[in-house]
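# Breakdown of the fold
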Amino acid sequence: MEDTSNVCTKTPTWQNCIHCPNLLFTTASEFEKHIQEKHSIKEGSIILCQYGQNGICSALQFGDLRKAGFKYHIRQHHLYNTDGSENWDFYSSSQNIPAVLNDPNRGKQSNFFTKTWGDSFIDRVEIYPSPYLPEITLLHFESYCKKVAKRYRRHCQLKENAPIKSKTPVVETICEVPSIFYEQSLALNDPKNFCKVFPGLSDSVNINTAIRSLQETLSTYLDVIEMKISKQVAQKSDAFFHAMLSHDTIMEQMARAIKTVQFSRKKIIDVKQNLTSSPIKLISLTRINHNLNNVHDLLKLMGTVQQTQPMIQLLLSTSDYVAALDLISSTQKVLSSRLSGIQAFRHLSPQLTEMKRLIQKMLNDEFSRFIVADLNRSQADPEELPERDKIISIVSGILRLKEFDFIDNFKIEAMTSIQATIKQSVVEIISEREGNTEIVLRGSNTDTWLLCNEGITFLQKVTPNLVNLFRRILSVTNVILDVSQMSDVTGNDSEDTWTQAEITSLEDKINKLISSLSDYSNERCANLIVTRTDRDYVFSDLTQLSKLSELIDNFSKECEEITGHNSNAMKLALRSFAMKYIQNLHLERRSQLTTALNNERWKTADVPYELQSVINKICETGEIPSLLQYDRGKPDGKFFVINRENYAVVASVQLLIKILLEYCDATKQSPDIVQYLVHCMLELIRHFNSRCCQLVLGAGAIQSAGLKTISTSNLALVSRSLQVILWLLPLIIQLLEKLHSKELSLNGFNSIESDIAGHKKEIENKISLIVSNMLCSQLAGWDAKPPVPSQTFRNISKHLVKLHEALIDILPLDQIRKIYMRVHENFKDKLREQLGKMNIVANGSPQHGIVTSELTFYLQTLKTLRVINDSDPEDNILYDIWLTYGKET
């Protein structure tokens, strides 16, 4: 809805393109052609106009035009601009119907459809003045108006009184003089110039008239020129007359200036001849001398470079490899800098590079030969590094080249020497075997393993040889490290100086070399010693394993002291082998112990002197010796003598003690192996304890060994045998804590010790229970009547005597007394119960007297057996029953 009440005026807009401001059009047709070619898209017969802002024509409301109406579209909408402003679009509207309809502040409008469109369509909103701006009145401009008013009035007065200058107009006749008359050289002999100066003279019929006309023309030209000259003089008259007045003065000044310049030039010439020419010549001669010296030095340098190859050969003949390499490097540097571009030396640099490669190859070969000769020397040669100067020279040359591949060659040769040393020791050992044994050694592996104690012999032979070989290897590596610290090797120039990273890399390679050689030697020896577990390749007892472990520890310790690297290959292999061997041995020993227990008759067995000799040494020192030695030559004894006390034991406990001592002799192993040995010990002791309990307390020996009954003597032997085990356990713990105080867990010994002590107590209780039951069975049929002593108490005395006879040769007297005191307490309880049934009290009656006589006989038997002391008062024993019974009644 646009207000069209005003008259629209059209202004042309085809002179300029809004997209191409640099183009100007003279006609409207050119503008039409430009829009059709540059600002439209043709799609078949349809042309889309793009002349407008953002490439969109605002007059195209429906998209496209046919080709026939495109020119009409351009003439209608783009050739002229209505009202001198842009074409109206919906953005030009002052009011927006959606905005009016959606105004949330207006609410629902009742008269919306009755209004007419225009400026009054919406209500006017009064805009209040801003509270942040001050209110400006005419008073603020009063001072300014007063000041400007004064100046304005003065300006008007001056303008009115100004004189009016009138200029007389000069009427000039317009006559242009041809440009040829203004040229500096007017050659009339040139036909072209002549024709221009005298036009039509040669073609005219009336020559006089032509000449007259030409003369008038030339006169006119002359007048014009004179008029211009006079006008120019009139304009510059002031300057002209001023110049004429000062002409003489200027001429005098110019004369003086000319004289001054001539004098200055003369002085400059004198200075040039006397002060400048000679120094300049001197400078030139100095430069010439310097250049000649440079040429002379360059010729000398060329002569020196020419002698480089013979000098290199001379240095190589004296084994001065570092000097030869430095000479090559410095020569190549000179050739690339000072002698660059000299054709005579164009082939010298490649020759030196090839010679450097040959020196590198020669150094590697020399180093390999030296290493082979040094490492394969006789073991009897005490010198660690012969020809030290030679190896220093070789290593210096190699390090000067910054080539570290020689360390890999060194490693290969060292491994070959280690392998040869090991093979030699193996051949010497195998050759000493009985019988014909074919020896097959191929490559780096061996097809022959060492038997039993041959591993011990092998380590005894190979350890000093390998240690000596490692000393030689370490001597070479020390030389390499020492040479790497020399300044003539690491370089003094900034280009050839070794960096800290290169030095560190070399040290790391050396350390890795020593570590790998140490690991290699340990692995090779481990593969020979502990790879087989067949019967022919294992040890006969744990003593050999301890010896082998000791040798391996010594070997590893010496290698670590020399190389500074701890290699665990042999220790790990020994651990695996020892675990398997100990496991097999333990199964065998456990089987032996089980067989011995099953066949045990539970009678006193003679003690071999070999075992007793070890027990004697343990008693003397108070600890288990680190090396057990069994003495022979004396007869066997009937008892174990421990700390001057006899111990009657069964044969199976002797076997257990031998096995435990054998395990103790093998505790000089690594903590892991010893921990497994501790486990085996505890298992054997538990097995012995539990099996004894099953066979004796459980009466299993009646079936396994064919015993008729389990007697008190059998029980006493088991108790005494367990006492021997209890005596040995603290000594085993002491030995293990001494050798491996922190690495082992010995908690199992405490539990097994408490188990054995409990078993021993159960046996004593069993003995007491057997005798107590016998006595109680006798008291059940007893009656307090003559004769005294009665047959019941006689039988009780016989049982007590038989028990004493069964225990006296097995248990110590203190332990027997404890058993009898327990039996005695049970007897008193039973007797007290029997007296209660019989209603006998301590009232001096005949029955009381009979009971007293019976008890006296009973106590006399106990005193005879020495199970109670003679010093004990009888009242405490005889009347304890009556007193207690009286209290109960």
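Nothing here was measured: the structure is a model prediction, and the numbers come from that model.

## A word on the overall build of the chain
When helices and strands are counted, the chain shows 28 helices and nine strands. Within the chain, the fraction of its 889 residues that count as buried is 35%. For the chain, the proportion of contacts with a sequence separation of at least 24, taken over those separated by at least 6, is 72%.

## Some remarks on the nonpolar core
Ranked by internal contacts, the top residues of the largest apolar core, which has 170 residues, are F458, I624, F749 and L800. A per-element tally of this core places helix α23 (residues 712–739) first, with 16 residues. Contacts of F749, omitting those with residues within four sequence positions, involve V678, M681, L682, L729, I732, I733 and L736. Membership of the second largest hydrophobic core comes to twelve residues, among which are F25, F31, I47 and F70.

## Let's talk about empty space enclosed by the protein
Per the counting criterion, the structure on display carries one cavity of 30 Å³ or more. Estimates place the volume of the largest cavity at around 40 Å³. As for the largest cavity, its lining consists of F470, I473, L474, T477, I514, L517, I562 and T563. Listed by contribution, the elements that provide at least two residues to the lining of the largest cavity are α14 (454–483), α16 (500–529) and α17 (542–563). Here the lining of the largest cavity takes four residues from α14, the largest share from any one element. Residues that form the lining of the largest cavity fall into these classes: six nonpolar, two polar and no charged.

## Let's talk about the pattern of salt bridges
Under the defined criterion, the tally for this structure stands at eleven salt bridges. Among the ionic pairs, E825 bridges to K828, the shortest N-O distance being 3.5 Å. Taken together, the positions of E825 and K828, both in helix α26 (residues 813–838) and three residues apart, correspond to about one turn of that helix. Sharing partners across several salt bridges, the network here consists of E588, R589 and E662.

## Details of the pairing of strand β3 (residues 46–49)
Of the two faces of β3, only the one carrying I47 and C49 is buried; I46 and L48 on the other face are not. With four bridges joining them, strand β2 (residues 40–43) and β3 adopt antiparallel strand pairing. Each bridged residue has a counterpart across the sheet, and for E43 the counterpart in β3 is I46.

## Some points on the confidence of the model for the chain
When pLDDT is averaged along the chain, the result is 76, and 81% of the positions lie at 70 or above. Per-residue pLDDT, averaged within each element of the chain, yields its smallest value for strand β7 (residues 445–446) (44) and its largest for helix α8 (residues 247–306) (87). Here residues 1–8 is a poorly scored stretch, pLDDT under 50, and it has five contacts once near neighbours within four places are set aside; other chains count. In the predicted structure, residues 167–172 sits below a pLDDT of 50 and forms one contact with residues beyond four places in sequence or in another chain.

## Let's talk about the environment of L214
Of note, L214 is situated in helix α6 (residues 207–235). On the basis of relative accessible area, L214 is assigned to the buried category, the value being 13%. Distance in space between the C-alpha atoms of L214 and P199 is 8.3 Å, their sequence separation being 15 residues. Beyond its immediate chain neighbours, meaning those up to four positions away, L214 contacts V197, F198 and P199.

## Side note on a nonpolar patch on the surface
A contiguous nonpolar patch, built from F181, L186, L188 and F194 and spanning about 300 Å² of accessible area, is present on the exposed surface. Within the secondary structure layout, F194 lies in helix α5 (residues 191–197).

## Concerning the packing of helix α21 (residues 671–697) against α23
The geometry of α21 relative to α23 is characterised by a closest axis approach of 11 Å and an angle of 170° between their N-to-C directions. By the criterion of interaxial angle, the relationship of α21 to α23 is roughly antiparallel. Every residue of α23 that contacts α21 at V674, V678, M681, I685, F688, N689, C692, V696 and L697 is listed here: N714, L715, V718, L722, I725, L729, I732 and L736. For the contact of α21 with α23, the residue count by class is 15 nonpolar, two polar and no charged.

## Remarks on unusual backbone geometry
Non-glycine residue W602 carries a positive phi angle of around 60°. Position of W602 among the secondary structure elements: in the loop between α18 (569–598) and α19 (609–621). Exposure remark for W602: the relative accessible area of 1% places this residue in the buried category. With phi around 65°, R644 is a residue other than glycine that occupies positive phi space. Within the secondary structure, R644 is located in the loop between β8 (640–642) and β9 (645–647). Taking the relative accessible area as the measure of exposure, R644 reaches 84% and is therefore exposed.

## Section: the side chain of S790
Within the secondary structure layout, S790 lies in the loop between α24 (747–780) and α25 (791–807). S790 gets classed as buried once you look at its relative accessible area, which sits at 7%. In this structure the side chain of S790 is engaged in a polar contact, spanning 2.7 Å, whose partner is the side chain of E854. Those residues in contact with S790, other than ones at most four positions away along the chain, are W782 and E854.

Rules used in this analysis
- The residue numbering used here restarts from 1 in each chain and proceeds along that chain's sequence as written.
- Restriction of local features to residues with pLDDT of at least 70 applies here, the model being predicted, together with a cutoff of 80 or more for giving and counting side-chain atom pairs; totals for whole chains, interfaces and linings are based on all residues.
- Side-chain numbers here rest on the full set of heavy atoms in the structure, without hydrogens or water.
- Under the DSSP-based scheme used, a helix requires at least four consecutive residues in state H or I and a strand at least two consecutive residues in state E, with every element numbered from the N terminus.
- Only protein chains enter the accessibility calculation, which uses a 1.4 Å probe; a residue is then buried when its area is under 20% of its type maximum, exposed when over 50%, and partly exposed in between.
- Any two residues having at least one pair of non-hydrogen atoms within 4.5 Å are treated as being in contact.
- What makes a nonpolar core is a set of buried Ala, Val, Leu, Ile, Met, Phe, Trp, Tyr and Cys residues whose side-chain atoms join them at distances within 4.5 Å.
- Definitions used throughout: a 1 Å grid over protein atoms alone; a cavity as a set of points that fits a 1.4 Å probe which cannot get out; a pocket as an open set with protein on both sides within 12 Å along at least five of seven lines; a lining residue as one with an atom within 4 Å of a point.
- Grid points are joined across faces, edges and corners, and a volume is the space filled by probe spheres set on the points.
- Only Asp, Glu, Lys and Arg are considered charged, only Ala, Val, Leu, Ile, Met, Phe, Trp, Tyr, Cys and Pro nonpolar, and every remaining residue, Gly among them, polar.
- Any Lys or Arg side-chain nitrogen found within 4 Å of a carboxyl oxygen on Asp or Glu counts as a salt bridge.
- A strand pair is defined by DSSP finding two or more bridges across the two strands.
- One confidence number per residue, pLDDT, is output by the predictor and ranges from 0 to 100.
- Distance thresholds for patches are 9 Å for like charges and 5 Å for nonpolar side chains (Val, Leu, Ile, Met, Phe, Trp, Tyr), applied to residues having over 30% relative accessible area and no salt bridge.
- Reported accessibility uses the Shrake-Rupley method at a 1.4 Å probe radius. Residues are deemed covered only where the shown protein chains occlude them.
- Angular values range over 0 to 180 degrees, each being the angle between N-to-C directions of two axes fitted as lines to C-alpha atoms, with helices fitted over their stretch in contact.
- Each angle is binned into one of four classes, with values under 35 degrees roughly parallel, values over 145 roughly antiparallel, values of 65 to 115 roughly perpendicular, and all other values oblique.
- Pairs of N or O atoms are called polar contacts if they sit within 3.5 Å, as long as, within protein, a hydrogen donor faces a hydrogen acceptor (for residues adjacent in sequence, only side-chain-to-side-chain pairs).

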